[in-house]
Amino acid sequence: MDFQLGRGMPGMPQVPQQLPTLLFALGAVVVGLGFAVLVFEWLLRWLVAGVFVLLGLVLLGTAARAKRMLG
């Protein structure tokens, strides 16, 4: 089965030319981060803590907007 992504399908956007390069770069960054976590175990603790802090900030911001909308 041959998908011709270069031409695109009717009604569908074409695949950007930079997409493979972007995916390779993101993949290399993720592999590098994985190796860094293997070498520096404290980094995992900070990454998990950062995710929870970010999630908390998003929830607090959403609550503040909802309170402002309700008056």
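Computed from a predicted structure; not experimentally measured. (Residues numbered from 1 in each chain as written. Predicted model: local features only at pLDDT ≥ 70, side-chain atom pairs only at ≥ 80, totals over all residues. Heavy atoms only, no water.)

**A short note on the overall build of the chain**
Secondary structure summary: the chain contains two helices and zero strands in total. Sorting the 71 residues of the chain into buried and exposed places 1% on the buried side. Working note: accessible area of the chain is about 7000 Å², and carbon and sulfur atoms make up 75% of it. (Helix = DSSP H or I, 4+ residues; strand = E, 2+ residues; numbered from the N terminus. Buried < 20%, exposed > 50% of the residue type's maximum accessible area, 1.4 Å probe, protein only. Areas by Shrake-Rupley, 256 points an atom, 1.4 Å probe, with all protein chains shown as cover.)

**Re the environment of leucine 43**
Locating leucine 43 in the fold gives a position in helix H2 (residues 41–70). As a C-alpha pair, leucine 43 and leucine 33 span ten residues in sequence and 9.4 Å in three-dimensional space. Excluding anything up to four places from it in sequence, leucine 43 contacts Leu33, Ala36 and Val37. (Contact = heavy atoms within 4.5 Å.)

**Let's talk about H2**
The periodicity of an α-helix, 3.6 residues per turn, causes residues three or four places apart in sequence to face the same way. Over its 30 residues, H2 extends 45 Å from the first C-alpha to the last, a length consistent with the 44 Å expected when each residue adds 1.5 Å. Little of H2 is tucked away, with one of its 30 residues classed as buried. Phi turns positive one or two residues past the end of H2, at glycine 71, with a value near 95°. (Expected span 1.5 Å × (residues − 1).)

**Observations concerning a nonpolar patch on the surface**
On the surface, Val31, Phe35, Leu38, Val39, Phe40, Trp42 and Trp46 cluster together into a nonpolar patch covering about 850 Å² of accessible area. Only helix H1 (19–39) and H2 provide two or more residues apiece to the nonpolar patch. For the nonpolar patch, the element with the most residues is H1, which contributes four residues. Turning to its location among the elements, valine 39 is positioned in helix H1. (Patch = residues over 30% accessible without salt bridge, like charges linked within 9 Å, V, L, I, M, F, W, Y side chains within 5 Å. Salt bridge = Lys/Arg side-chain N within 4 Å of Asp/Glu carboxyl O.)

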